[in-house]
Amino acid sequence: ESKFLEATDYSPVIKSSAGAAPRAFELRTYTASKGNLDALNARFRDHTLKLFTRHGIEHVGYWTLQADQKDADNKLIYLLAHKSREAADASFKAFRADPEWVAAKEASEKKAGGSLTEGGMAGVESVFMKPTDYSPMK
């Protein structure tokens, strides 16, 4: 299955990391609740990225589907890098407990009238990946 992506306005420039220490990559796909993709992107732009950085989560890229594709109105796809899966677990545990995150999540959900993702956490998919030996990104 092919998906054509457009970088969000808050996505960093992707750089080669050949020769870097191995990392665990996490591909996350969010399905926004009806009409809330813009609100989800705003929460990432205004709060989440800064908090991810605070908790040791490395940003690789953030994308939405091109407009002519199925689900373009409700998908946010992004790639993170972690030192390891254990580091990812620790980072997300700290992130979810961060009072600034709790306040931002509550405020955005109050404004939207509910969760920004379809079915709450059911609308979040996470897949861990490791780079191949020939990948320019490690």
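Refer to the structure presented above.
Everything quoted here is computed from the prediction, not taken from an experiment.

(A) Expanded view of the pattern of salt bridges. On inspection of all chains with the given rule, the structure shows eight salt bridges. A salt bridge links Glu 26 to Arg 28; the nearest nitrogen and oxygen atoms lie 2.7 Å apart. On the basis of relative accessible area, Arg 28 is assigned to the buried category, the value being 4%. Lys 50 is the salt-bridge partner of Glu 100, the closest N and O atoms lying 2.6 Å from each other. With Glu 100 in helix 3 (residues 99–112) and Lys 50 in helix 1 (residues 37–54), the pair connects residues that are 50 residues apart, well separated along the chain. Classification of Glu 100 as partly exposed rests on a relative accessible area of 28%. Linked through salt bridges whose partners overlap, the residues forming this network are Lys 50, Arg 54, Asp 98 and Glu 100.

(B) Representation of the environment of Ala 39 in the model. Along the chain, Ala 39 turns up in helix 1. Here the alpha-carbon distance between Ala 39 and Ser 108, two residues 69 residues apart in the chain, equals 7.3 Å.

(C) Layout of the side chain of Ser 33. On the secondary structure map, Ser 33 appears in the loop between strand 2 (24–31) and helix 1. According to the relative accessible area criterion, Ser 33 is buried, its value standing at 11%. One polar contact links Ser 33 to Asn 36, side chain to side chain, over a distance of 2.9 Å. Residues in contact with Ser 33, not counting those within four places in the same chain, are Ser 115, Leu 116, Thr 117 and Glu 118.

(D) Structural detail: the sheet that holds strand 5 (residues 124–129). Taken in spatial order, the five strands make up an open sheet running 1-3-4-2-5, and their pairing is antiparallel. In this open sheet, the two strands that pair with only one neighbour each are strand 1 (5–7) and strand 5. On average, each strand axis in the sheet is tilted by 25° relative to the strand beside it, whichever way the strands run. Relative to strand 5, strand 2 runs antiparallel, the two sharing six bridges. Counted as the bridge partner of Tyr 30 is Val 124 from strand 5. Running at roughly 45° to strand 2, helix 2 (residues 85–97) makes contact with strand 2, strand 4 (75–82) and strand 5 of the sheet.

(E) Examining the packing of helix 1 against helix 3 more closely. Direction vectors running N to C along helix 1 and helix 3 enclose 160°, while the axes themselves pass 10 Å from each other. In terms of their interaxial angle, helix 1 and helix 3 are classed as roughly antiparallel. The two elements helix 1 and helix 3 cross, and the hand of that crossing is left-handed. Taking contact as the criterion, the partners of Arg 43, His 47, Thr 48, Lys 50, Leu 51 and Arg 54 in helix 1 are, on helix 3, Glu 100, Trp 101, Ala 104, Lys 105, Ser 108 and Glu 109. Partitioned by chemical class, the residues of the contact of helix 1 with helix 3 number three nonpolar, three polar and six charged.

The rules we used
- Residues numbered from 1 in each chain as written.
- Predicted model: local features only at pLDDT ≥ 70, side-chain atom pairs only at ≥ 80, totals over all residues.
- Heavy atoms only, no water.
- Salt bridge = Lys/Arg side-chain N within 4 Å of Asp/Glu carboxyl O.
- Buried < 20%, exposed > 50% of the residue type's maximum accessible area, 1.4 Å probe, protein only.
- Helix = DSSP H or I, 4+ residues; strand = E, 2+ residues; numbered from the N terminus.
- Polar contact = N/O pair within 3.5 Å; in protein donor to acceptor, adjacent residues only side chain to side chain.
- Contact = heavy atoms within 4.5 Å.
- Pairing = 2+ DSSP bridges.
- Axes fitted to C-alpha atoms, helices over the stretch in contact; angles between N-to-C directions.
- Parallel < 35°, antiparallel > 145°, perpendicular 65-115°, else oblique.
- Left-handed = near helix turned anticlockwise from the far one by under 90°.
- Nonpolar A, V, L, I, M, F, W, Y, C, P; charged D, E, K, R; others polar.

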